[in-house]
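The chain contents come next:
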Amino acid sequence: MEKNFNGIEPFEKKIWLSSPTMHGEELDYIKEAFDTNWLSTVGKNINECERMVAEYVGCKYAVALSAGTAALHLCVKLAGEKIYGMAKPNEGTLRGHKVFCSDMTFDATVNPVAYEDGEAVFIDTERDTWNMDPVALEKAFEIYPEVKLVVIAHLYGTPGKIDEIRAICDKHGALIIEDAAESLGATYKGVQTGNFGNYNAISFNGNKIITGSSGGMFLTDSREDCDKARKWSTQSREDAPWYQHEEVGYNYRMSNIIAGIVRGQMLHLDEHIAQKKAIYERYKEGLKGLPVTMNPYDEEKSEPNFWLSCMLIDKDAMCRQVRGERDVLYISEEGKSCPTEILEAISKFNAEGRPIWKPMHMQPIYRNSPFVTAKGNGRAVTNAYIDEGEALDVGMDIFERGLCLPSDNKMTPDQQDVIIEIIRRCFDK
Ligand SMILES: *Cc1c(COP(=O)(O)O)cnc(C)c1O
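Residues numbered from 1 in each chain as written. Predicted model: local features only at pLDDT ≥ 70, side-chain atom pairs only at ≥ 80, totals over all residues. Heavy atoms only, no water.

Let's shift gears to the pattern of salt bridges. Between side chains of opposite charge, a pair can form when the charged atoms approach closely. Per the stated rule, a full pass over the model turns up 28 salt bridges. One salt bridge connects Glu 91 with Arg 95, and the closest N-O pair in it is separated by 3.0 Å. Overall, the relative accessible area of 27% leaves Glu 91 in the partly exposed class. (Salt bridge = Lys/Arg side-chain N within 4 Å of Asp/Glu carboxyl O. Buried < 20%, exposed > 50% of the residue type's maximum accessible area, 1.4 Å probe, protein only.)

Structure (structure tokens):
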């Protein structure tokens, strides 16, 4: 069945999922770097953006790095060394040890575990915030009581169940790495994300809530960890007249140019969050009456940064959709739709949406890694569970029925109304 989009005009300029929003101060700070010839990985922009982020997040130290992934790598390395001791230059600090990881996240959350020779065990997702399920985490500790490290992400800028996860980790003597790459500016019980892990990371990638064009930061209250991260990120140079090295090093430091962009963007973080929240609320209002819900959050405990607005289609309003490894087919039906149909429709009118991040346990690279669900240690085939009426594997169920909506700051209310209308037409009878 062809859905009817008569009367809707394509957008002249593409509406992006989430693209950089620049303001002008960024250029001033870049120019300052040029004018003073501080163009490398030292300079005022770096010092200032570290200071601004630490102050904003409310942590003692911030280390500016080339990417959020680099920050996560240093988090993993610090944790690995703390738990298992210093590794030889040719082995990872996790050397075969298991690490519990968020399952529905971007793969940069978990790749650093592999860099350090650790084995990720994926923990299924809960439905209240779309983050790591504490019930599944507790199950995982029953199965693997020896695990001492947990990596959690706050998906799409929505804080997860931090209290519950912290309590479980404390009980089992495990450390937490907090991947706040998507959630800069989001709070949980009034405290900024990026404070809850023993090691914390944020990102300034081009599509994040603010951007340096690239870049990331390691956040901590520990002077010692801050110094180590700083040292490792600049090739582990020792204090000597020549290049002296006692540990493996990395070239992970942020450049003073990138830092200038971050410095300018920090002035607009709150404004971006307000815009993203308005977009979320407008979708919520505009999609009322349709068999869909928005990505949920704990309204009592948390205030997301609303980085991406997402939508979940009710089970009984899903038309048939079958995803292979790299392609997808669906059968259009009256009164029903699916993420693929909606994404295609949005794209036809020159706007960008995206499927929900495909869970890690279903990624070919991690398919043989253990995966723990709230109901036990399972591996699910998504369609089968939806047909039975109950999904055992929450992550794949959300992947199957959910999608990320165009969430760009620069989208106008009128443009967003058109996107809402396109989605409405997808469910037409
Ligand atoms: C973007 C992102 C990262 C990685 O950040 P980069 O700066 O792109 O390296 C890590 N984790 C999550 C959840 C992300 O969305």
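Resuming the write-up.
Now for the sheet that holds strand 7 (residues 191-192). The 3 strands lie next to each other as 7-6-11, forming an open sheet whose pairing is antiparallel. Each edge of the open sheet carries a strand with a single partner, namely strand 7 and strand 11 (302-303). Taken together, the 2 bridges between strand 6 (residues 187-188) and strand 7 define a ladder with antiparallel strand orientation. Counterpart to Tyr 188 in the pairing with strand 7 is Val 191. (Pairing = 2+ DSSP bridges. Helix = DSSP H or I, 4+ residues; strand = E, 2+ residues; numbered from the N terminus.)

This part takes up helix 5 (residues 134-143). Every buried residue of helix 5 is accounted for by Pro 134, Ala 136, Leu 137, Ala 140 and Phe 141. One side of helix 5 carries all its buried residues, which in axial view fall inside an arc of 155 degrees. Against strand 2 (98-102), strand 3 (119-123), strand 4 (149-153), helix 6 (162-171) and strand 16 (371-372) lie the buried residues of helix 5. The N-terminus of helix 5 is capped by Asp 133, whose side-chain oxygen sits 2.9 Å from the backbone nitrogen of Val 135. (Arc of directions from axis to C-beta. Contact = heavy atoms within 4.5 Å. Polar contact = N/O pair within 3.5 Å; in protein donor to acceptor, adjacent residues only side chain to side chain.)

This part covers the packing of helix 9 (residues 269-286) against helix 13 (residues 413-426). To describe two helices that pack against each other, one gives the angle between their axes and the distance between the axes. Close contact between helix 9 and helix 13 brings their axes to 10 Å; oriented N to C, the two are set at 40 degrees. You can see that helix 9 and helix 13 cross each other, and the crossing is right-handed. Counting all contacts with helix 9, which are made through Ile 279, Arg 282, Tyr 283 and Gly 286, the residues of helix 13 involved are Pro 413, Gln 416, Asp 417, Ile 419, Ile 420 and Arg 424. The class makeup of the residues in the contact of helix 9 with helix 13 is 5 nonpolar, 2 polar and 3 charged. (Axes fitted to C-alpha atoms, helices over the stretch in contact; angles between N-to-C directions. Left-handed = near helix turned anticlockwise from the far one by under 90°. Nonpolar A, V, L, I, M, F, W, Y, C, P; charged D, E, K, R; others polar.)

Right, let's get into the pairing of strand 3. The buried fraction of strand 3 amounts to 4 of the 5 residues, a majority that puts the element mostly inside the structure. Two strands pair when backbone bridges link them, and strand 2 and strand 3 are joined in this way by 5 bridges, in the parallel orientation. Bridge pairing in strand 3 places Ser 102 opposite Ile 123. The pairing of strand 3 with strand 16 spans 2 bridges and is classified as parallel. The residue bridging Ile 123 from the neighbouring strand is Val 372, located in strand 16.

Our focus in this paragraph is the site of the ligand. As a matter of local geometry, the ligand sits amid 15 residues, with Thr 69, Asp 179, Glu 182, Ser 203 and Lys 208 nearest to it. A distance of 2.7 Å separates a nitrogen atom of the ligand from a polar atom in the side chain of Asp 179. Within the side chain of Ser 203, an N or O atom sits 2.7 Å from an oxygen atom of the ligand. Protein contact buries 93% of the 380 Å² of open area that the ligand shows by itself. For the shell around the ligand, the element with the highest residue contribution is helix 3 (residues 68-84), accounting for 3 residues. Split by residue class, the shell around the ligand holds 5 nonpolar, 7 polar and 3 charged. (Near = heavy atom within 4 Å. Areas by Shrake-Rupley, 256 points an atom, 1.4 Å probe, with all protein chains shown as cover.)

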